[in-house]
Amino acid sequence: MKNWIRFVLISSLLLLPAANAADTAIAGFNVSGTVPTFFSVTTRGMPGDLDLTPKVIVNNRRIGLLHFKYNANIANLTVSSSTASGGPEGTSGAYNFQGGFKVSISAGCSSVDAAYNTPFVLTAAGTDVKSAASAALLNGVEEDCEVLASWKGTNTTLPLAGVYALNINVTMVSQ
C-alpha cells in the first residue's frame, strides 16, 4: 500500500501545470482620450476716444486686443468694418480722413500674416488676414494680439460736430 500511495503522489505532482521557458502570455489595454476643440477669438477695446482733430496724424495707436485660442486649423480670419467707408462714421456721414482709417495687427501674432503688421484700409466685405501657420497647425495656439490704428485728420474743412463710430468685426472660421 505504501508504494501505491507513493505512486499516486508522484503521479499527481507530474500532472500539475507548469510554465516552460518558451511560453508567452500577452495582455493589453485599449486606452484613449479626447482633446476638446477650442476655437475662439475675443476682443477687448482700449478706453479713450479717437483724436479726430483736423490735420492730426496718428500712427499705430493701440485700439484693442484680440485673444485667440484654437486647436483646429483656420480656414479664414476676416477683419471687416461695420461701415461702408471702412472708417468711423457719424450722422453726417463718414469722417474725411486723409488716406483712410487704417488698422494693423501687432508683429509677432502667429495667427495673422505678417503682411498685416502694416496698416491697411478696412472694408465692409473684410480682409482675410490669417497666417499660413494658422491653417496648418502643429500645436494649438493661445495668444493676445494688439490691434493698432493709424489715421490723418481731415485737412479740408472742419468736420461737423458729433460722434463718429465704427465696429471692427473679426470673424474666424475653421477648416
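Up top is the structure.
Residues numbered from 1 in each chain as written. Predicted model: local features only at pLDDT ≥ 70, side-chain atom pairs only at ≥ 80, totals over all residues. Heavy atoms only, no water.

1. A word on the overall build of the protein chain
Right, on to step 1. Counting its regular elements, the protein chain contains one helix and ten strands.
Right, on to step 2. In sequence order, the protein chain lays out its α and β elements as α-β-β-β-β-β-β-β-β-β-β.
Right, on to step 3. The proportion of buried residues among the 175 residues of the protein chain is 27%.
Right, on to step 4. Taking the contacts inside the protein chain whose residues are at least 6 apart along the sequence as the reference set, 79% of them involve residues at least 24 apart.
Right, on to step 5. Accessible surface for the protein chain amounts to roughly 11,400 Å². Of this, 56% is attributable to carbon and sulfur atoms. (Helix = DSSP H or I, 4+ residues; strand = E, 2+ residues; numbered from the N terminus. Buried < 20%, exposed > 50% of the residue type's maximum accessible area, 1.4 Å probe, protein only. Contact = heavy atoms within 4.5 Å. Areas by Shrake-Rupley, 256 points an atom, 1.4 Å probe, with all protein chains shown as cover.)

2. Description of the sheet that holds strand 6 (residues 102-105)
Right, on to step 1. Strand order in this open sheet of five strands is 1-2-9-6-7, and the pairing throughout is antiparallel. With partners counted over all chains shown, the strands left at the sheet margins are strand 1 (39-45) and strand 7 (120-121), one partner each.
Right, on to step 2. Bridge analysis of strand 1 against strand 2 (residues 57-70) gives seven bridges, and the strand direction is antiparallel. Looking across to strand 2, one finds that threonine 43 is bridged to leucine 66. (Pairing = 2+ DSSP bridges.)

3. Digging into the environment of aspartate 113
Right, on to step 1. For aspartate 113, the position within the fold is in the loop between strand 6 and strand 7.
Right, on to step 2. Classification of aspartate 113 as partly exposed rests on a relative accessible area of 31%.
Right, on to step 3. Spatially, the C-alpha atoms of aspartate 113 and alanine 133 are 8.6 Å apart, while their sequence positions differ by 20 residues.
Right, on to step 4. When sequence neighbours within four positions are dropped, the list of residues in contact with aspartate 113 reads Val129, Lys130 and Ser131.

4. Things to note about the state of the cysteines
Right, on to step 1. Under the counting rule described, the total for this entry stands at one disulfide.
Right, on to step 2. Each sulfur in the disulfide pair cysteine 109 and cysteine 145 lies 2.0 Å from the other. Residues cysteine 109 and cysteine 145 share a disulfide whose torsion about the S-S bond is about 80°; that sign makes it right-handed. With cysteine 109 in the loop between strand 6 and strand 7 and cysteine 145 in strand 9 (residues 141-152), this residue pair connects regions lying 36 residues apart in the sequence. Residue cysteine 109 shares its accessibility class with cysteine 145, and that shared class is buried. (Disulfide = S-S within 2.5 Å.)

5. A look at the sheet that holds strand 10 (residues 168-174)
Right, on to step 1. The three strands are arranged 8-3-10 in an open sheet whose pairing can be described as antiparallel. Both outer strands of the open sheet, strand 8 (127-128) and strand 10, are each paired with one neighbouring strand and no more.
Right, on to step 2. Judged from the seven bridges that link them, strand 3 (residues 74-81) and strand 10 form a sheet pairing that is antiparallel. Paired with threonine 78 across the bridge in strand 10 is threonine 171.

6. Digging into the pattern of salt bridges
Right, on to step 1. Across all of its chains, the model carries two salt bridges by this definition.
Right, on to step 2. The residue glutamate 146 makes a salt bridge to arginine 62 at a minimum N-O spacing of 3.1 Å. Of this pair, glutamate 146 sits in strand 9 while arginine 62 sits in strand 2, and the two are 84 residues apart along the sequence.
Right, on to step 3. Here arginine 62 falls in the partly exposed class, since its relative accessible area comes to 41%. (Salt bridge = Lys/Arg side-chain N within 4 Å of Asp/Glu carboxyl O.)

7. Describing the side chain of serine 131
Right, on to step 1. Locating serine 131 in the fold gives a position in the loop between strand 8 and strand 9.
Right, on to step 2. Look at serine 131 and you get buried, because its relative accessible area is 8%.
Right, on to step 3. In this view, serine 131 contacts Ser110, Ser111, Val112 and Asp113; residues no more than four positions away in its chain are not counted.

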